[in-house]
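# Understanding the architecture of this molecule
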Amino acid sequence: MSLFLTFLYVFLCNSVSLSSSLSLHFPLTSLRLTTTTNSSSSSLQTSLASRRNPSQSSSSSPPYSFRSNFKYSMALILSLPIGTPAQTQELVLDTGSQLSWIQCHRKKQKPTTSFDPSLSSSFSNLPCSHPFCKPRIPDFTLPTTCDSNRLCHYSYFYADGTYAEGNLVKEKFTFSKTQTTPPLILGCAAESTDDRGILGMNLGRLSFISQAKISKFSYCIPTRSDRPGFTPTGSFYIGENPISRGFKYVSLLTFPQSQRMPNLDPLAYTVPLQGIRIGQKRLDIPASVFRPDAGGSGQTMVDSGSEFTHLVDVAYDKVRGEIVKRVGPRMKKGYVYGETADMCFDGNNPMEIGRLIGDLVFEFGRGVEILVERQRLLISVGGGVHCVGIGRSSMLGAASNIIGNVHQQNLWVEFDVINKRVGFIKADCSRSLP
């Protein structure tokens, strides 16, 4: 699979009320989706958290913490225990999409992480009579249908052309002998373009956080490394983060259900980006470019499922124009990576190019910003080519600004759903868990 960009072509229009007493910490692996790996599931160490999040409602279920590391190079891959008894499944952590789905291939050549429903006592299929199996439900990219077995069939498509289709089912996430989620609605994919599933983490009513009533989650993505045989590690939390008091927050932009705009994804984590700096220069880009217009174009979302950042044409042209001024003669002529990114360079000295360009900063106001330091400005895309990690959104058929995971490196990023905000704090994400 190429860039896993999860801005959907459809308008999703459901809000959700969230609360939680869960505090979970899962093993997370991040690998290049084009590379086949044989990863064994890491053991989960379970510990009872010593305090309850005061912003959450009380519950008879105690909060837990599942602690492990993840590996990162392109996409973030979680290993989660699903079913009874648990089967470890690999899922792409995706804050830009809603439906979670697992691999349920019944072919002889199954993906290595394929889930076997016959082995789980908590597995059940959604019948055609279920309320979510209606042709006008807006949560799917194509209407759900009733198959020959009277089971609910779904199809899910993403902006990069990848897809999954199968039956809707209900299944538990089993984290320990004493801690499981209720049965959640998932996709059980019989056909897909990837050999891993998706953990949908946006604000939609069918997302993992909505169904499991998770109110807060966070992750820390380390910097990528081109060193052969070395894969950096980082962390992912669901629930209270030990360093939550250090975050600087920006409020999410929210949209009423009645505000239907063709280019808006109201279930995304939409943040109020105000400007972009390169070096010491603040680019002449109107702040309105980063917010939804009357048709919804221009929203800025934080997306763990996208590798590169993508900008709408006005912003992209300004960024590219400034980089051309600084290093134009060194740019690789006629080269476009992933059909969207054309600020690329040949050679083995990306640090020198980065020094000439300078730091890249995304400004959110009130002192909140994402700093991309010059020494990690360029991303290796193979064959000795390095690119600025920014593409043009219109080449995806999208009308949004998307902050991808390459520009979330060495940051704790916290999604505080209850308080409708996203927090950032600089960190060395390759260090051990706090």
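Everything below is about the structure shown above.
Heads up: these notes are all about the structure in this document. (Residues numbered from 1 in each chain as written. Predicted model: local features only at pLDDT ≥ 70, side-chain atom pairs only at ≥ 80, totals over all residues. Heavy atoms only, no water.)

For arginine 421, the location among the structural elements is in strand 29 (residues 421-426). Distance in space between the C-alpha atoms of arginine 421 and lysine 216 is 9.9 Å, their sequence separation being 205 residues. Look past the residues within four positions of arginine 421 in its chain and what remains in contact with it is Tyr249, Val250, Ser251, Leu252, Glu414, Phe415 and Asp416. At a separation of 2.9 Å, a polar atom in the side chain of arginine 421 contacts the side chain of aspartate 416. (Helix = DSSP H or I, 4+ residues; strand = E, 2+ residues; numbered from the N terminus. Contact = heavy atoms within 4.5 Å. Polar contact = N/O pair within 3.5 Å; in protein donor to acceptor, adjacent residues only side chain to side chain.)

With the rule as written, the count across this model stands at five disulfides. Across the disulfide, cysteine 104 is cross-linked to cysteine 188 (sulfur-sulfur distance 1.9 Å). Its S-S torsion of about -105° marks the bond between cysteine 104 and cysteine 188 as left-handed, since a negative value means left-handed. Of this pair, cysteine 104 sits in the loop between strand 7 (101-103) and strand 8 (124-125) while cysteine 188 sits in strand 12 (residues 184-192), and the two are 84 residues apart along the sequence. Taking relative accessible area as the criterion, cysteine 104 reaches 1% and is therefore assigned buried. Residue classification places cysteine 188 among the buried positions, given a relative accessible area of 4%. Between the sulfur atoms of cysteine 344 and its disulfide partner cysteine 387 the distance amounts to 2.0 Å. Negative torsions about the S-S bond denote left-handed disulfides, and the value of about 105° found for cysteine 344 with cysteine 387 makes this one right-handed. In this pair, cysteine 344 is assigned in strand 21 (residues 344-345) and cysteine 387 in strand 25 (residues 385-388), connecting sequence segments 43 residues apart. Across the pair, exposure class does not vary: cysteine 344 and cysteine 387 are buried alike. (Disulfide = S-S within 2.5 Å. Buried < 20%, exposed > 50% of the residue type's maximum accessible area, 1.4 Å probe, protein only.)

Moving on to the sheet that holds strand 22 (residues 360-365). Strands sit in the order 18-17-22-23 across an open sheet of four strands; the sheet is antiparallel. Two strands lie at the open edges of the sheet, namely strand 18 (281-282) and strand 23 (368-372), each paired on one side alone. For strand 17 (residues 275-278) and strand 22, the ladder comprises four bridges, and the chain directions are antiparallel. Counterpart to isoleucine 276 in the pairing with strand 22 is phenylalanine 362. Its contacts with the sheet put helix 2 (residues 313-327) on strand 17 and strand 18, and the angle it makes with strand 17 is roughly 5°. (Pairing = 2+ DSSP bridges. Axes fitted to C-alpha atoms, helices over the stretch in contact; angles between N-to-C directions.)

If you walk through the whole model with that rule in mind, you get 16 salt bridges. In this structure, glutamate 90 engages arginine 196 in a salt bridge whose closest nitrogen and oxygen atoms are separated by 3.0 Å. Pair noted here: glutamate 90 is in strand 6 (residues 87-94) and arginine 196 is in the loop between strand 12 and strand 13 (197-200), with a separation of 106 residues, a long-range link. Neither residue differs from the other here; glutamate 90 and arginine 196 are each classed as buried. The salt bridge involving lysine 281 is made with glutamate 322; its shortest N-O contact spans 2.9 Å. Remark: glutamate 322 occurs in helix 2 and lysine 281 occurs in strand 18; sequence separation between them is 41 residues. For lysine 281, a relative accessible area of 35% corresponds to the partly exposed category. Glutamate 322 gets classed as buried once you look at its relative accessible area, which sits at 7%. (Salt bridge = Lys/Arg side-chain N within 4 Å of Asp/Glu carboxyl O.)

Relative to each other, helix 2 and helix 3 (residues 350-357) sit at 110°, their axes nearing to 9 Å. In terms of orientation, helix 2 lies roughly perpendicular with respect to helix 3. Regarding helix 2 and helix 3, the two cross each other, and that crossing is right-handed. Counting all contacts with helix 2, which are made through Ile323, Arg326 and Val327, the residues of helix 3 involved are Ile353, Leu356 and Ile357. For the contact of helix 2 with helix 3, the class distribution of residues is five nonpolar, no polar and one charged. (Parallel < 35°, antiparallel > 145°, perpendicular 65-115°, else oblique. Left-handed = near helix turned anticlockwise from the far one by under 90°. Nonpolar A, V, L, I, M, F, W, Y, C, P; charged D, E, K, R; others polar.)

With that out of the way, let us pick up the pairing of strand 25. Along any regular strand, the residues point their side chains to alternate faces of the sheet. Neither face of strand 25 is open: one carries Val385 and Cys387, the other His386 and Val388, and all of them are buried. As defined by bridge partners, strand 21 adjoins strand 25 across two bridges and the pair is classed as antiparallel. Its bridge partner being in strand 25, cysteine 344 is matched across the sheet by cysteine 387. Summarising the sheet, strand 24 (residues 378-382) and strand 25 pair through four bridges and their orientation is antiparallel. Across the sheet, the residue bridging to serine 380 is histidine 386, located in strand 25. Between strand 24 and strand 25, which pair antiparallel in sequence order, lie two residues; one of them, glycine 383, sits at a positive phi of approximately 65°.

Geometry only, nothing functional implied.
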